[in-house]
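# Examination of the molecular architecture
Listed here are the chains, written in short residue letters.
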Amino acid sequence: MTYRLVIFDFDGTLADSADWFISISNEVARRFRFRQISEEEVAMLRGRSSREVVAYMRVPAWKMPFIARHTRKLVSKNAAKIPLFPESRALIRRLHEAGVVLALVSSNSEANVRRILGDDLADCITHYACGASMFGKTPKFRSVIRKANARHAQVLSIGDETRDIEAASRAGIDSGAVTWGYARPEILEAHRPTFLFTTMDDIARTVIGTG
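Description of the structure in this document. (Residues numbered from 1 in each chain as written. Predicted model: local features only at pLDDT ≥ 70, side-chain atom pairs only at ≥ 80, totals over all residues. Heavy atoms only, no water.)

## A look at the packing of aromatic side chains
Following the criterion strictly, the structure yields 4 aromatic pairs and no others. Geometrically, the ring pair formed by W62 and F66 is edge-to-face, given 6.4 Å between the ring centres and 70° between the ring planes. When the centroid spacing of 5.7 Å and the interplanar angle of 15° are considered together, the rings of F195 and F197 count as stacked. Look at F195 and you get partly exposed, because its relative accessible area is 25%. The lysine or arginine in question, R51, covers the ring of F135, its NZ or CZ lying 4.2 Å from the ring centre. (Phe/Tyr/Trp six-rings, centres within 6.5 Å; stacked < 30°, edge-to-face > 60°. Buried < 20%, exposed > 50% of the residue type's maximum accessible area, 1.4 Å probe, protein only. Lys NZ or Arg CZ within 6 Å of the ring centre and 35° of its normal.)

## Regarding the environment of Y128
Mapping Y128 onto the fold places it in strand β3 (residues 127-130). On the basis of relative accessible area, Y128 is assigned to the buried category, the value being 13%. Linking Y128 and F8, residues 120 residues apart in sequence, is a C-alpha distance of 9.8 Å. Excluding anything up to four places from it in sequence, Y128 contacts L104, E110, V113, R114, L117 and A122. Only 2.8 Å separates the side chain of Y128 from the backbone oxygen of A122, close enough to count as a polar contact. (Helix = DSSP H or I, 4+ residues; strand = E, 2+ residues; numbered from the N terminus. Contact = heavy atoms within 4.5 Å. Polar contact = N/O pair within 3.5 Å; in protein donor to acceptor, adjacent residues only side chain to side chain.)

The quantities given are spatial measurements derived from coordinates; they are silent on function.
Written out as structure tokens, the structure reads:
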């Protein structure tokens, strides 16, 4: 086994939620008075880093905790509209059955994540560290690593945005970027993750040596 602990992001990595978040973005922008965006701008922003997206949308840093709290409430009300990717269920079970310790670090709330996963998959996750600020995943990673009593070389973080790669680098752990989430593959690759995953089978092969 290559990695003992795998830390997953949720939205855009295990849950197919990018389109839903995009669909509410202008409603949230109007409420909190930051820049609304067109469909053309959405496509363009998928090729930008997370920090560039926030700067382009002119979101003041002091508003971000309030925006996050409001968004988590919207997710709670609309959880039934947010599916897992079809392969997520098999991947989680395969890693869990192989003895890999699984963790989930997300900006979303633990209650929302568990609801979308369902009880059976939620029980496969040993450590939850949810409610992270947009650029605040690094302390969550460090906390999970301590709780799991894992060495940094045994840990792989997997996410779909450039901020996930940055957070893993600051925490001193390997990173895997998935190409089926929010950001375009070329912007993820430019941020030099340890692995660029194009399928969930790629994750299984990297972590436990089988697809």
